Amino acid sequence: APAPKATGNGVYVKNLEFQGMNQEAVAELFKTYGKIQEVRLRRGKYTIIFFADNASAKKALEMNGKAIKGVTGRLEIEAAKASPTADKTATATSVFVGGLPGGVKRAKLSAA
């Protein structure tokens, strides 16, 4: 089957299930295609792998319809429409504070 066209840095992978499967193991399996930014596991459905660049995603798409050692069945890989999780630490404008004693009001926190 011809590889689908990659439009972004991510790929959806179906039929990817193996013993000990976790984010690190999936990243290890696909690192030969390029630097991996993020792995999202959707158990029983699919896995999304985000690469650092579009060229790496294109390389991974070439595995569509192929078998990988230790994985039952052939992989179904297609371009992902989702985006990697943004780094919210750079743009966060609020902070959650928990475990305060009862009766603490916002004004008292602001003054502290």
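Analysis parameters
- Residues numbered from 1 in each chain as written.
- Predicted model: local features only at pLDDT ≥ 70, side-chain atom pairs only at ≥ 80, totals over all residues.
- Heavy atoms only, no water.
- Helix = DSSP H or I, 4+ residues; strand = E, 2+ residues; numbered from the N terminus.
- Buried < 20%, exposed > 50% of the residue type's maximum accessible area, 1.4 Å probe, protein only.
- Patch = residues over 30% accessible without salt bridge, like charges linked within 9 Å, V, L, I, M, F, W, Y side chains within 5 Å.
- Areas by Shrake-Rupley, 256 points an atom, 1.4 Å probe, with all protein chains shown as cover.
- Salt bridge = Lys/Arg side-chain N within 4 Å of Asp/Glu carboxyl O.
- Phe/Tyr/Trp six-rings, centres within 6.5 Å; stacked < 30°, edge-to-face > 60°.

Looking now at unusual backbone geometry. Even without being a glycine, N15 presents a positive backbone phi close to 65°. Tracing the sequence through the fold places N15 in the loop between strand 1 (10–14) and helix 1 (23–30). Residue N15 is classed as partly exposed on the basis of its relative accessible area, which comes to 36%.

This part covers a nonpolar patch on the surface. On the surface, V95, V97, L100, V104 and L109 cluster together into a nonpolar patch covering about 430 Å² of accessible area. With respect to the secondary-structure elements, V97 resides in the loop between strand 4 (76–79) and helix 3 (106–111).

In this structure the tally under the stated criterion is two aromatic pairs. Residues Y12 and Y46 carry aromatic rings whose centres are separated by 5.3 Å and whose planes lie at 85° to one another, so their mutual orientation is edge-to-face. One end of the pair, Y12, is in strand 1; the other, Y46, is in strand 3 (residues 46–51), with 34 residues separating them in the sequence. Seen from their ring centres, F30 and Y33 are 5.9 Å apart, and the 45° between their planes marks the pair as tilted. The two residues F30 and Y33 agree in class, both being buried.

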